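Structural features, examined
The chain contents come next:
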Amino acid sequence: MRNAGEGELGGCGVAPVLLTSGGLRRLAWPALIALTAVAAAVPLWSSTFLPFQDAPQHLAAVRVLADYADRTFAFQRWFAVDLQRSQYLGFYLPAAALAKVVGPQAACRILLTLVALALPAASWLLLRSFGRDGRLAIFAPAAFHTVPLYMGFFNFVASVPVAIAAVALIERELRAPARPRTVLLTLTASALFWFHPSAVAFVLGAGAVLAVTSGLPGRRIARAMAPLVPAVALLAAWAALAHAARSDAEGSRPFWQPFREQLLDVGRFGNVLVGHSDELFALAMVALWFTVVVLRGPCLRPERWWRLPALAAVILAAYLATPVGLGYAWYIHTRALPFLALITLASIAITRRRLTAGLLAAAAAVQIGYAARLVAVYRAFDAEADGAALEQVLRAAEPGRRLVSLMFQQRSRWFQFDPFMHFGMYYEVERGGRARYNFAEVPWTPIRFRPDAPLVPEPADWFFRPEIFDSRRHASDTDYVLTRGEPRSPGPPFRLVERAGPWALYARWRGTRSAVIHPGR
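So, here is what we can say about the structure in this document. As the structure is a prediction and not an experimental result, all values here were calculated from the model.

**Structural notes on the packing of aromatic side chains**
Applying the stated criterion to the full structure yields 27 aromatic pairs. Ring centres of Phe73 and Phe75 lie 5.2 Å apart, and the angle between their planes is 10 degrees; this geometry places the pair in the stacked category. Ring geometry for Phe463 versus Phe464: centroids 4.7 Å apart, planes at 35 degrees, classification tilted. Judged by relative accessible area, Phe463 falls into the buried class, the value being 14%.

**Observations concerning the sheet that holds strand E5 (residues 325-326)**
Taking strand neighbours across the sheet as the criterion, the three strands line up as E3-E5-E6 in an open arrangement whose pairing is antiparallel. Each edge of the open sheet is held by one strand with a lone partner, namely strand E3 (254-255) and strand E6 (329-330). Where E5 and E6 come together, two bridges link them in antiparallel fashion. Looking at E6, one finds that Gly325 is bridged to Trp330.

**A word on unusual backbone geometry**
Geometrically, the link from Arg436 to Tyr437 is a cis peptide bond, its omega value of 0 degrees lying close to zero. Relative to the assigned elements, Tyr437 resides in the loop between strand E8 (434-436) and strand E9 (447-449). The backbone of Asp386 sits at a positive phi, close to 60 degrees, despite the residue not being glycine. Take Asp386: it is sitting in the loop between helix H15 (354-385) and helix H16 (387-395). With relative accessibility at 27%, the residue Asp386 sits in the partly exposed group.

**Section: the pairing of strand E7 (residues 402-407)**
Counted residue by residue, E7 has six buried out of six residues, so it is predominantly covered. Alternating positions in E7 separate into two faces, Arg402, Val404 and Leu406 on one and Leu403, Ser405 and Met407 on the other, with burial throughout. Alignment of E7 against E8, held across three bridges, turns out to be parallel. Note that in E8 the partner of Arg402 across the bridge is Arg434. As for the winding sense of the linkage, the β-α-β connection from E7 through helix H17 (residues 425-431) to E8 is right-handed.

**Re the pattern of salt bridges**
What the rule picks out here adds up to 21 salt bridges. Taking the shortest distance from any N to any O, the salt bridge between Asp133 and Arg135 comes out at 2.9 Å. For the pair Asp133 and Arg135, a shared accessibility class is recorded, and that class is buried. Between Asp133 and Arg352 there is a salt bridge, and its shortest N-O distance comes to 3.5 Å. Placement of Asp133 in the loop between helix H4 (89-129) and helix H5 (147-151) and of Arg352 in the loop between helix H14 (337-345) and H15 is noted, with a sequence separation of 219 residues between them.

**Quick word on the packing of helix H8 (residues 197-212) against helix H13 (residues 307-321)**
In the contact formed by H8 and H13, the axes pass within 10 Å of each other and the chain directions differ by 135 degrees. Compared by their axis directions, H8 and H13 come out oblique. Note on packing geometry: the crossing formed by H8 with H13 is right-handed. Counting all contacts with H8, which are made through Phe202, Ala206, Val209 and Leu210, the residues of H13 involved are Arg307, Leu311, Val314 and Ile315. Residue composition of the contact of H8 with H13, by class: seven nonpolar, no polar and one charged.

Thresholds applied
As a convention, each chain's residues are numbered from 1 in the sequence order in which they are written. Given that the model is predicted, a residue must reach a pLDDT of at least 70 before its local features are reported, and side-chain atom pairs must reach 80 or more before they are shown or counted; all residues, however, enter totals for whole chains, interfaces and linings. Based on all heavy atoms of the structure, the side-chain values leave hydrogens and waters out of the count. The pairing test for Phe, Tyr and Trp rings, Trp by its six-membered ring, is centres within 6.5 Å, and the orientation test on the planes gives stacked under 30 degrees, edge-to-face over 60, and tilted for anything in between. Only protein chains enter the accessibility calculation, which uses a 1.4 Å probe; a residue whose area is less than 20% of its type maximum is buried, one above 50% is exposed, and one in between is partly exposed. DSSP-based pairing: two strands are paired if at least 2 bridges between them are found. A helix here means a DSSP run of H or I that spans at least four residues, while a strand means a run of E at least two residues long, and both kinds are numbered starting from the N terminus. Whether a crossover is right-handed comes down to one check: with the strands pointing away from the viewer, does the path from the first strand over the helix to the second run clockwise; if it does, it is right-handed. By convention in these notes, a salt bridge is any Lys or Arg side-chain nitrogen within 4 Å of a carboxyl oxygen on Asp or Glu. Axis geometry follows a simple rule: fit a line to the C-alpha atoms, using only the stretch in contact for helices, then measure angles between N-to-C directions, giving values from 0 to 180 degrees. Each angle is binned into one of four classes, with values under 35 degrees roughly parallel, values over 145 roughly antiparallel, values of 65 to 115 roughly perpendicular, and all other values oblique. For any pair of crossing helices, the crossing counts as left-handed if the nearer helix is rotated counterclockwise from the farther one by less than a right angle, and right-handed if it is rotated clockwise. Whether two residues touch is decided by their heavy atoms; if any such pair falls within 4.5 Å, the residues are in contact. The nonpolar class holds Ala, Val, Leu, Ile, Met, Phe, Trp, Tyr, Cys and Pro. Asp, Glu, Lys and Arg form the charged class, and all remaining residues, Gly among them, are polar.

Okay, here's the thing in structure tokens:
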């Protein structure tokens, strides 16, 4: 059977849902895709500091979980661990286990490296499940160095390849139910709950769209959707508890940005660097993908080929309708973008020509080149952060105390967002104790402040405005104040203890400096 458009752009015939493997000679493509994924992971290991906005918060949480009983850090004095708050545990618990051996920095980098490698693997599975050419997975590593990662949404970023794999499993269940796969899908969809609820919502929504468009009998659909029931129950329970966790009705109201800005944010998905190198990279990747799409020649289209484009359209509509913020959660809408990108990537059928292979190889080369650029920028960020000066200042603070960080310089010359906003958490990572602002102040993390160690209350967004810090009010629950970029004292009773580079440490007393710093491992 031939399509009416065969011989025109992409002229494709209809084929069964699964393509043939192509033989051993095609092992070259998985190898090239793996090389591209490795290149995407290399920048993670090229600097002392990760330039991701929330990274210090996650490092501190992993340190608390890994070394909670260590008396040097005195975490038990300030924190309680509540594993019933399950969100983030899918990332935090493996990271904490690794941190006992390699420390929190290396542990988080290892897990993020696994995410970078898993993205093309999950995309390959998705492509093959829907009868597409697996070589398109060569574009998947480009979705790694994007806004969610640089905002520091580690747990959500880790959920993306798992969610994509779950969608692939749903399609395979619809086509050919199998008991082992049913068990695997149940475990995969349920495990997403311990990474991020947004990923669970995506999988459930995608499953509904695929079921409705499958053209299969109701009994077959029910059989394929049954493994998602535990995930539905977990998400419903979480939604009820998460809403109840907010005591302020005002903070629970969603808010949206203008529609035009919401639409433009789709194009800003890869805008993570200051300057235009990231934009040029994104344009090159889109141009290569589009050229592959429109390239003329014979290809095979699976039956009901339009289902993935329909799913991509539903994701786009959901993205446009999603609020930017709700309570403590901000940038909610951006969490649809990785799924939109990867589903759109998989929506096309491509020709099998040498030129196609050349374009796909060019996509790999462009990504490897961009990774080299990122390595240089990561190292420049290290110099900007001045880690030696930060270490010198932190050495002047005793371990296990209470610190407030005032980051007057939160922006970077090299990266978007505010990568220095939470750098005060490195006191908690290296010296223990309690640093603020701290994610233990939000309702969904497993690390909680102890109720018998009360905090001086502050507005929800006070860490954006360090100039409002009231030194006398904080003297009752703060031992140290760490500043970046502000030469003035935070005010009495805090006095300067150490200054180096852009960093300064103030204490409530003048005493002998502690020369011992707990090893960062």
